[in-house]
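Here's the letter readout for the chains.
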Number of protein chains: 2
Amino acid sequence: MATKKTPEKSQGGRGSDAERAFLADYRLDAYDRPSVAVDVVVLTVLEGHLLCGLYERTEHPDLGRLALPGGFMRLDESLDEAARRLLREKAGLTDVFLEQLFTFGEPGRDPRGRIVTVAYFALVDKERFLQATMLRRRLSIPWPGETGGEVDVVNDDGSTGALAFDHASILGTAVKRLRGKLDYTPVGFQLLPAEFTLRELQDIHEAVRGEDVNKDSFRRRMLASGHLEATGNHERNVTWRPAELYRFIRRSAV
Amino acid sequence: MATKKTPEKSQGGRGSDAERAFLADYRLDAYDRPSVAVDVVVLTVLEGHLLCGLYERTEHPDLGRLALPGGFMRLDESLDEAARRLLREKAGLTDVFLEQLFTFGEPGRDPRGRIVTVAYFALVDKERFLQATMLRRRLSIPWPGETGGEVDVVNDDGSTGALAFDHASILGTAVKRLRGKLDYTPVGFQLLPAEFTLRELQDIHEAVRGEDVNKDSFRRRMLASGHLEATGNHERNVTWRPAELYRFIRRSAV
DNA sequence: AAAATAGTGTCTATGAGACACTATAGT
DNA sequence: ACTATAGTGTCTCATAGACACTATTTT
């Protein structure tokens, strides 16, 4: 099949003199611009429950409410870079699994003005989560499967922790996405340390899904996935038969 | 389980006098702001091929190249509303399946300045697609399954239609998402008119996936999905045995 | 009648769920 | 020895693929 690229430089394409002249006169600020923020949902699993990292707002609006770590994107960084910078600055977290989630832009979502926020979600194992400088709250997910909807958090005393802005909606979107990804991508490993038992992996899946999974089928499926490598080591200091430790391996090209 | 909401209005919560005073002094424009645009990938299937709606750029930068329909978000509309407005204004399309796709914000993606674009994808049946005021191009997808990557378009003469900005990347993201959704959500119907045959539905799936599907299994799966309703009518003006026409029904609560 | 596709019935392979059974640690 | 969990083997059931067969239209 013959394909040809049209010559463009001579016609004023990218990098041409005509383009340079046009851009020199271009006024992007002729349009009103919103602010662009990045918010990050940091999730882990601890003792069979999904946890999220949050901060208590020290300023208006929604003073005192819990909010996701976030901030404004700088003009010299990409969205991904902004998310990683905020995780580092606010929570002290680096090198975590991070993925863009959804962009929230309802006109009234922030009373300070028009702020479009690009939400990300990050997954970390429980050790790193507990070292991060954030408040930790258990999630209260009122819907099954991938139904979707808002998700609030539960304080240690059992009271509901009201979230700031539309962050309950963002959190709900993150949980829905994570549940959806869990079955067909090797994302559960991101919530575990380097070596783990099959039971620990199953606990992760059950905590994320909010329901039990079949043990036999789960073991078979995981072992057949090609993502697990037996280490030969076994867990210690348990009062039952020690399970073998496995390691996550990125599957070679299929 | 006892849950209690902390009283907030008295402490300066949403709607309080203290919050109003804070917001009155708040200067959001202390931060530099990017522009926020919305681009829409309009897809359909025609004669076994995925098609996309595009425009030839009449201004710098990337003058003469093909670009997705898009434009800047207004401060008084949501992102979804901006996408629907742009579809209506640019293509004359209303009431189409529309879903947020991904937000692209690399600092160098547009030489006019820092423009973050929230990409959407829209699905329409071929009749409506052909009525829309857009250029139509077949997609050239150089990767299988949901591998992902850039996607270019093919002109009628077989030459490659170079896309403006990072739109080949956006188009690739749209195709990847559509392929991913096709198997577990009833999204294929969005690419067909109200009544269609099982063969037409299979053609949609094959065009989107870029590979053949098993006829027997496909029929069984679709009929068992609960999303199809036989109309009793049959197709006409075909040179073979006419197939029954089906209608898409939104499945009641599972 | 021939050609082409619609649509049905059945066999087989595969994977999930269920369950029984053995193995191995601590107490 | 008892208990709790790890790990294996096997049976059944549901679903996808394969294939044979019948049905219905135009030419």
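Starting from 1, residues in each chain are numbered consecutively following that chain's sequence as written. Chains and ligands are labelled sequentially in the order written, the chains with letters from A and the ligands with numbers from 1. At least 70 in pLDDT is required for a residue's local features to be given in this predicted model, at least 80 for side-chain atom pairs to be given and counted, and no such filter applies to totals for whole chains, interfaces and linings, which use all residues.

1. Let's talk about the overall build of chain A
Piece 1. Each helix is a run of H or I in the DSSP string that is no shorter than four residues. Each strand is a run of E no shorter than two, and both are numbered from the N terminus. Within chain A one finds six helices and 12 strands.
Piece 2. Radius of gyration here is computed from C-alpha atoms only, and the compact-globule reference equals 2.2 Å multiplied by the residue count raised to the power 0.38. At 23 Å, chain A has a C-alpha radius of gyration far larger than the 18 Å of a compact globule built from 254 residues.
Piece 3. Dimensions along the principal axes, computed over C-alpha positions, put chain A at roughly 75 × 60 × 35 Å.
Piece 4. Put simply, a residue is buried when 20 or more other C-beta atoms lie within 10 Å of its own C-beta and exposed when 12 or fewer do; between those, it is partly exposed, and each C-beta is set from the backbone. By residue count, 35% of the 254 residues in chain A fall in the buried class.
Piece 5. Nonlocal contacts in chain A, meaning residues at least 24 apart in sequence, comprise 60% of its contacts between residues at least 6 apart. Contact criterion: two residues are in contact if their C-beta atoms, reconstructed from the backbone, are within 7 Å.

2. Considerations on the domain arrangement of chain A
Residues and elements named next belong to chain A.
Piece 1. Each domain span listed reflects an automatic or database assignment of domains. Structurally, chain A comprises domain 1 (33-183) and domain 2 (186-248).
Piece 2. In this structure, domain 1 and domain 2 have C-alpha centres spaced 26 Å apart.
Piece 3. Between domain 1 and domain 2, the contact holds 15 residues from the first and 13 residues from the second.
Piece 4. Where the side of domain 1 that touches domain 2 is concerned, the elements lending two or more residues are β1 (35-46), β2 (49-56) and α4 (167-184).
Piece 5. Each residue gets one of three labels, nonpolar for Ala, Val, Leu, Ile, Met, Phe, Trp, Tyr, Cys and Pro, charged for Asp, Glu, Lys and Arg, and polar for the others, Gly among them. Considered class by class, the residues forming the side of domain 1 that touches domain 2 number eight nonpolar, three polar and four charged.

3. A closer look at the relation of the copies chain A and chain B
Piece 1. Laying chain A over chain B is done by rotating through 180 degrees and shifting 0.0 Å along the axis; what remains is an RMSD of 0.1 Å. Classification of the inter-copy transformation places it as that of a two-fold axis.
Piece 2. Here 100% of the contact residues of chain A are again contact residues in chain B; the copies associate through an equivalent surface. Alignment of the copies relies on least squares applied to C-alpha atoms, considering only residues that score at least 70 for pLDDT in both.

4. Comments concerning the protein's contact with DNA strand C
Piece 1. Not every one of the 18 residues close to DNA strand C is listed here, only the nearest: S217 and R241 of chain A together with R199, A243 and E244 of chain B.
Piece 2. For the surface near DNA strand C, the elements supplying multiple residues, two or more each, are α6 (215-224) of chain A together with α5 (198-209) and α6 (215-224) of chain B.
Piece 3. Residue contributions to the surface near DNA strand C peak at four residues, all from α6 of chain A.
Piece 4. Across the surface near DNA strand C, the residue classes break down as five nonpolar, four polar and nine charged. By definition, a residue lies near a molecule or strand when the C-beta atom built from its backbone is within 6 Å of it.

5. Here we look at the pairing of strand β12 (residues 244-248) of chain B
Residue and element names in this part refer to chain B.
Piece 1. The pairing of strand β10 (residues 195-196) with β12 spans two bridges and is classified as antiparallel. Looking across to β12, one finds that E195 is bridged to R247.
Piece 2. The pairing of strand β11 (residues 228-234) with β12 spans four bridges and is classified as antiparallel. Bridge pairing in β12 places A230 opposite Y246. Pairing between strands requires that DSSP locate at least two bridges from one strand to the other.

6. Here we look at the sheet that holds strand β10 (residues 195-196) of chain A
Piece 1. What the three strands build is an open sheet, ordered β10-β12-β11 (chain A); its pairing is antiparallel. Of all the strands in the sheet, the pair left with one neighbour each is β10 and β11 (228-234) of chain A.

7. Observations regarding the interface of chain A and chain B
Piece 1. On the side of chain B, 50 residues touch chain A, which itself brings 50 residues to the contact.
Piece 2. Only α1 (17-25), β1, β5 (97-104) and β6 (115-123) of chain A provide two or more residues apiece to the side of chain A that touches chain B.
Piece 3. Grouping the amino acids of the side of chain A that touches chain B by side-chain chemistry returns 22 nonpolar, 15 polar and 13 charged.

8. Some thoughts on the sheet that holds β10 of chain B
Piece 1. Spatially, three strands are ordered β10-β12-β11 (chain B) in an open sheet, and the strand pairing comes out antiparallel. Two strands close off the open sheet at either side, each with one partner strand: β10 and β11 of chain B.

9. Considerations on the environment of D80 of chain B
Piece 1. With respect to the helices and strands, D80 of chain B occurs in helix α2 (residues 79-91).
Piece 2. Once the C-alpha coordinates of D80 of chain B and F218 of chain B are considered, the two residues, 138 residues apart in sequence, prove to be 33 Å apart.

10. As for the environment of G148 of chain A
Residue and element names in this part refer to chain A.
Piece 1. With respect to the element layout, G148 can be found in the loop between β7 (135-140) and β8 (152-154).
Piece 2. Classification of G148 as partly exposed rests on a count of 15 C-beta atoms within 10 Å.
Piece 3. Through-space distance from the C-alpha of G148 to that of T173 is 6.7 Å; in sequence the pair is 25 residues apart.
Piece 4. Sequence-distant contacts of G148, that is, excluding residues within four places in its chain, are made with W143, G172 and K176.

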